[in-house]
Amino acid sequence: MSWLFFSIATALLWGTAELFYKKGAQPNEKYSHLKICVWVGVVMGAHAIFTLLTQNINYNPINIIQYLPVSLFYIISMAFSYFGMRFLEESISDPIENTAGVICVLLFALFMGDEFSWLTWVAVGVIGIGVVGVSYLENHGETTRKKNYGKVLAVVAFIMPFLYALLDAFGTFLDDAFFLIEDVANSPLVDVTEDTIEAVANTSYELTFALFALGLFIFMKAKKVKFGSVPKHKDKILAAVFETAGQFTYVYALGGVDAVAAPILSSVCMVSLLLSRIVLKEKLSWKTYAFIAVVIIGILLLALSEEL
């Protein structure tokens, strides 16, 4: 039953990471979202080096380039997410970001001709209702965001989690359809086996994120942005650590009973919602919470339907 422990641990770790992402994404700190990217790149880069030193995965550096399309989708989506967190309540942004699974289902149905169960389409419909409800309330006076940040910035911030969901879904689609395939001989990744393909892909992603972080650091130094001392970035660093730790436990969680593990892994937004209410003291209208609950129910139904 260790997979159950790792499933719960993954949900808790990623939910906690979302909390620290939000704490680190300060609205009055212009480049806080880019600084988060830098720290995530540092931690992921360190984990990639640790993997290369401790695991015999026969890594070929050319895979950084081979895997670049997927890495860019994931990295850019996260950058958009961090920007949105500066101005959005975590209670709103995280459930919307978790609708990436819906978009991924639609991509497989549209481009790969995959067929899905009736429960999958019910889940898609439920999530759609919830997202439309949250969007309606967001744009009809249920928040003070427009008053606080201006109409343009409020709208741009609200779009960010949707962009995250879209880009993350495309990254997952490319991953599952073309890269992490059962017939590894046809994968674009080089020098991989069935046992190493996922580790090679993840290492390529982490090294790309590290290079991306280096580029952002150089950019901010050129702009004479004050980066500050390490202790000032504790929330950003903790977010990166919890994110990477969740990736580690996620691998072991996948070894369990999918019909049970999948809903647990998809409950990250519930952990995030609870922590944002308790720790960050976020408080939304009951209508908004009701539609967020609809989104979460749909996400859980989607996770369950894909594994039954």
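Keep in mind the model is a prediction, meaning the values are calculated, not measured. (Residues numbered from 1 in each chain as written. Predicted model: local features only at pLDDT ≥ 70, side-chain atom pairs only at ≥ 80, totals over all residues. Heavy atoms only, no water.)

A.B. asks: How do you make sense of the packing of helix 2 (residues 32-54) against helix 10 (residues 197-222) when you look at a structure like this?
C.D. replies: Two measures define how a pair of helices packs: the angle their axes make with one another and the distance between the axes. Packing of helix 2 against helix 10 leaves a shortest axis separation of 7 Å and a crossing angle of 140°. As the angle between them shows, helix 2 and helix 10 are arranged oblique. Seen from above, helix 2 lies across helix 10 with left-handed handedness. Broken down by class, the residue content of the contact of helix 2 with helix 10 amounts to 17 nonpolar, 6 polar and 2 charged. (Axes fitted to C-alpha atoms, helices over the stretch in contact; angles between N-to-C directions. Helix = DSSP H or I, 4+ residues; strand = E, 2+ residues; numbered from the N terminus. Parallel < 35°, antiparallel > 145°, perpendicular 65-115°, else oblique. Left-handed = near helix turned anticlockwise from the far one by under 90°. Nonpolar A, V, L, I, M, F, W, Y, C, P; charged D, E, K, R; others polar.)

A.B. asks: Honestly, the nonpolar core in this entry has me stumped. Any pointers?
C.D. replies: The tendency in soluble globular proteins is for nonpolar side chains to be buried as a group. Ranked by internal contacts, the top residues of the largest apolar core, which has 50 residues, are Tyr21, Val40, Tyr67, Met78, Tyr82, Tyr205 and Phe209. At the level of elements, helix 1 (2-24), helix 2, helix 4 (68-85), helix 6 (100-111), helix 9 (151-179), helix 10 and helix 11 (234-253) are the ones that each hand at least two residues to this core. If one sorts the elements of this core by residue count, helix 2 sits on top with 9 residues. Contact partners of Tyr205, with chain neighbours within four places excluded, come to Met44, Tyr67, Ser71, Tyr74, Ile75, Met78 and Gln247. Counting 23 residues, the second-largest nonpolar core is a separate cluster that includes Leu88, Ala123, Val131 and Ile292. (Core = buried A, V, L, I, M, F, W, Y, C linked by side-chain atoms within 4.5 Å. Buried < 20%, exposed > 50% of the residue type's maximum accessible area, 1.4 Å probe, protein only. Contact = heavy atoms within 4.5 Å.)

In short, the description is geometric, and any link to function would need to be established separately.
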